[in-house]
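Commentary on secondary and tertiary structure
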Amino acid sequence: MLFAILTVVTLAGLAYLTTHRRYEALAAAPAREGQAPPPKDGYFAWLRRWIRDAVKPDGPRRLWKWFMDWTSRYYPGWMKWVFAVMILCFLYLAASGFFFGVFIPRGMFGFPLVLHVSLGGVFAFCLAFAVFWRARDYAFDKKENEADASERFACPICKNPSKMLVAKILFWTNALAGLVIILSALFSMLPIFPAATQSPLLELHRYAALVSALAMIVFSDVRLFPAKTK
């Protein structure tokens, strides 16, 4: 019950905070000639339009355009498919895991569980590849360029750190959470620990997945989908 409440509150709260930050940034941007005016009719009206635009028939085309642009810069050639598989696996693992963890008291079972375990192995490989490939880009000793250093992240705890520093913290947080997710699942399937440890391993697996999902939401807001001013 605690996990279900914490999952709903944190995911819904973080989704609201990230979208509201984006709305405020757009509303504060000056109007530009030839572009749509900044939203002035309130957050929820803007959110409805944003969701409506996302599900338009040209939504897949715009998503594909973003995917090709992003991967051409960071995952060129065949590596873009590793990135795509990692994201698709992550979406299914998060959706199925949180759905059963929140709404089904007995937990996951049947074909969804088989698919969850199978895609978990694929995700583990893709995550390891992504960490290996991008580790140097998110190293803390790497000097930020002028553009990255100038972009600030509005944080109520820290004093507006750079977005790149936040991205680095989130990248390694997600990598560590992913490692915990993989090991907790692996150890629960191997005859290493007694049966009494199955429940703690499951709880560790769930909470690590929640940390990973929260980190991915903020990372996507900071790095994958930068706010547009139009």
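Structural notes, computed from the coordinates. (Residues numbered from 1 in each chain as written. Predicted model: local features only at pLDDT ≥ 70, side-chain atom pairs only at ≥ 80, totals over all residues. Heavy atoms only, no water.)

Our next topic: empty space enclosed by the protein. Under the counting rule described, the total for this entry stands at one cavity of 30 Å³ or more. Surrounding the largest cavity, 20 residues form its lining, M86, F171, N174, M216 and F219 being those nearest its centre. At the level of secondary structure, the elements contributing two or more residues to the lining of the largest cavity comprise α4 (79-103), α5 (110-134), α7 (163-189) and α8 (198-224). If you tally residues by element for the lining of the largest cavity, the top one is α5, at five residues. Across the lining of the largest cavity, the residue classes break down as 18 nonpolar, one polar and one charged. (1 Å grid on protein atoms, 1.4 Å probe; cavity = no way out; pocket = protein on both sides within 12 Å on 5 of 7 lines; lining within 4 Å. Points joined across faces, edges and corners; volume = space filled by probe spheres on them. Helix = DSSP H or I, 4+ residues; strand = E, 2+ residues; numbered from the N terminus. Nonpolar A, V, L, I, M, F, W, Y, C, P; charged D, E, K, R; others polar.)

Our next topic: the environment of W66. Relative to the helices and strands, W66 resides in helix α3 (residues 59-74). For the pair W66 and L224, spaced 158 residues apart in sequence, the C-alpha to C-alpha distance is 9.2 Å. With sequence-adjacent residues up to four places away left out, W66 is seen in contact with F83, L224 and F225. (Contact = heavy atoms within 4.5 Å.)

With that settled, the discussion passes to the side chain of S184. Here S184 is to be found in helix α7. For S184, a relative accessible area of 3% corresponds to the buried category. Separated by 3.0 Å, the side chain of S184 and the backbone oxygen of I181 make a polar contact. With sequence-adjacent residues up to four places away left out, S184 is seen in contact with L201, L204 and H205. (Buried < 20%, exposed > 50% of the residue type's maximum accessible area, 1.4 Å probe, protein only. Polar contact = N/O pair within 3.5 Å; in protein donor to acceptor, adjacent residues only side chain to side chain.)

Side chains of L113, V117, L176, L179, L183, L186, M189, L190, I192 and F193 sit close together on the surface and give an oily, nonpolar patch of about 850 Å² of accessible area. Every element with two or more residues in the nonpolar patch is listed here: α5 and α7. At five residues, α7 tops the list of elements feeding residues into the nonpolar patch. As for its placement among the helices and strands, V117 is situated in helix α5. (Patch = residues over 30% accessible without salt bridge, like charges linked within 9 Å, V, L, I, M, F, W, Y side chains within 5 Å. Areas by Shrake-Rupley, 256 points an atom, 1.4 Å probe, with all protein chains shown as cover. Salt bridge = Lys/Arg side-chain N within 4 Å of Asp/Glu carboxyl O.)

Within the largest apolar cluster, 34 residues are counted, with the highest numbers of intra-cluster contacts made by M86, F123 and F219. At the level of secondary structure, the elements contributing two or more residues to this core comprise α1 (2-28), α3, α4, α5, α7 and α8. Per-element accounting of this core gives the leading share, ten residues, to α4. Residues in contact with F123, not counting those within four places in the same chain, are M86, C89, F90 and L93. (Core = buried A, V, L, I, M, F, W, Y, C linked by side-chain atoms within 4.5 Å.)

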